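This is what each chain is made of:
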Amino acid sequence: MDKFDWLESFELGIAEVDEDHRGMLAIMKKIEQAADNEAYDLCNELLDELLDFTVMHFKREEEMLTEVGYPNVDIHKKYHTELLARAKSVKSVCQDIKSKNNLKECCYEMFSFLVDDVVNGDLKFKSYLEEKGVIKRP
Ligand SMILES: [Fe+2]
Ligand SMILES: [Fe+2]
């Protein structure tokens, strides 16, 4: 399996959020390809795009959580802020690398912070949203 393929288990059941998460993984895949092709300029652009996209996603998700009255929205916001700060600092390191394998390693490190939201962080509000009926239980 490819590292950044979408898995069924990532699905939260909120179309908007799931679509964003899919979008994040899709950009990561493009970055991996660009790194493989040693297309460094393209890779740099895509790294910026990934971060911008994630900023937008986090904002959207936080608004949704506020709207449904999720009690730990501040904790989740703080978690997002920390992930972004880490991803941002690794991103600038990646953007200076001009060696394929080192670049890929660096990108994977950056991705690991952002993927944490998809595979770990967001599961924390899933059951709350199920109770609220925002997510239909399977
Ligand atoms: Fe998310
Ligand atoms: Fe999140």
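Everything numeric in this text was worked out from a predicted model, so none of it was measured.

Engineer: So what about the overall build of the protein? Which residues, and what values?
Structural biologist: Secondary structure summary: the protein contains 5 helices and 0 strands in total. Listing the helices and strands of the protein from first to last along the sequence gives α-α-α-α-α. Computed over its C-alpha atoms, the radius of gyration of the protein comes to 16 Å, within 12% of the 14 Å expected for a compact globule of 138 residues. For the protein, with 138 residues in total, the buried portion stands at 46%. Residue pairs at least 24 apart in sequence account for 70% of intrachain contacts in the protein once pairs closer than 6 positions are excluded. Summing over all exposed atoms, the protein offers an accessible surface of approximately 7,600 Å²; the carbon and sulfur share of this is 50%. Side chains of the protein carry 19 positive and 30 negative charges; the gap between the two charge centres is 2 Å.

Engineer: Please provide a residue-by-residue account of helix 2 (residues 40–67), values included.
Structural biologist: With 28 residues, helix 2 should cover 40 Å at 1.5 Å per step; its first-to-last C-alpha distance of 41 Å lies within 8% of that length. Backbone geometry just downstream of helix 2 places Gly69 in the positive-phi region, at approximately 80°.

Engineer: Describe the coordination of the iron ion (ligand 1), naming the residues involved and giving the relevant values.
Structural biologist: The coordination sphere of the iron ion (ligand 1), as far as protein atoms go, consists of His21 (NE2), His57 (NE2), Glu61 (OE), Asp117 (OD) and Asp122 (OD), spread over 1.9 to 2.2 Å. Read in sequence order, the donor residues for the iron ion (ligand 1) give the motif H-x35-H-x3-E-x55-D-x4-D. The metal-metal distance between the iron ion (ligand 1) and the iron ion (ligand 2) is 3.4 Å, with Glu61 coordinating both. In this pair, His21 is assigned in helix 1 (residues 15–36) and His57 in helix 2, connecting sequence segments 36 residues apart. Taking relative accessible area as the criterion, His21 reaches 0% and is therefore assigned buried. You can call His57 buried: its relative accessible area is 0%.

Engineer: Provide a residue-level description of the side chain of Glu61, including the pertinent values.
Structural biologist: Structurally, the position occupied by Glu61 is in helix 2. No salt bridge is formed by the buried Glu61, whose closest oppositely charged neighbour, Arg60, lies at an N-O distance of 8.5 Å. Ignoring anything within four residues of it in the chain, the contact list for Glu61 reads Val17, His21, His76, His80, Asp117, Asp122 and Phe125.

Engineer: How would you sum up helix 5 (residues 123–131)? Please name residues and give values.
Structural biologist: Given 3.6 residues per helical turn, the α-helix brings residues three or four places apart onto the same face. Among the residues of helix 5, Phe125, Tyr128, Leu129 and Glu130 are the ones counted as buried. Check the buried side of helix 5 and you find it contacts helix 2, helix 3 (73–94) and helix 4 (100–121). Remark: Gly133 follows helix 5 within two positions and exhibits a positive phi of approximately 80°.

Engineer: Can you explain unusual backbone geometry? Please cite residues and give values.
Structural biologist: Backbone geometry places Glu38, a non-glycine residue, at a positive phi of 55°. When its relative accessible area of 45% is taken as the criterion, Glu38 is described as partly exposed.

Engineer: Hey, could you go over the environment of Arg86 for me, with residue numbers and the actual values?
Structural biologist: When you line up the elements, Arg86 lands in helix 3. We classify Arg86 as partly exposed; its relative accessible area is 43%. When the C-alpha positions of Arg86 and Leu7 are compared, they lie 24 Å apart, and in sequence the two are 79 residues distant.

Engineer: Give me the lowdown on the packing of aromatic side chains, citing residues and values where you can.
Structural biologist: Tallying each qualifying case throughout the model produces 4 aromatic pairs. Cluster of aromatic residues (ring-pair linked, three or more members): Tyr70, Phe125 and Tyr128. Its guanidinium or amino end placed over the ring of Trp6, Arg22 lies 4.6 Å from that ring's centre, counting from NZ or CZ.

Rules and cut-offs
- Residues numbered from 1 in each chain as written.
- Chains lettered and ligands numbered in written order.
- Predicted model: local features only at pLDDT ≥ 70, side-chain atom pairs only at ≥ 80, totals over all residues.
- Heavy atoms only, no water.
- Helix = DSSP H or I, 4+ residues; strand = E, 2+ residues; numbered from the N terminus.
- Rg over C-alpha atoms; globule rule 2.2 N^0.38 Å.
- Buried < 20%, exposed > 50% of the residue type's maximum accessible area, 1.4 Å probe, protein only.
- Contact = heavy atoms within 4.5 Å.
- Areas by Shrake-Rupley, 256 points an atom, 1.4 Å probe, with all protein chains shown as cover.
- Lys, Arg positive; Asp, Glu negative; His and termini not counted.
- Charge placed at Lys NZ, Arg CZ, Asp CG, Glu CD.
- Expected span 1.5 Å × (residues − 1).
- Donors = N, O, S within 2.8 Å, 3.2 Å for Na, K, Ca; no water.
- Salt bridge = Lys/Arg side-chain N within 4 Å of Asp/Glu carboxyl O.
- Phe/Tyr/Trp six-rings, centres within 6.5 Å; stacked < 30°, edge-to-face > 60°.
- Lys NZ or Arg CZ within 6 Å of the ring centre and 35° of its normal.

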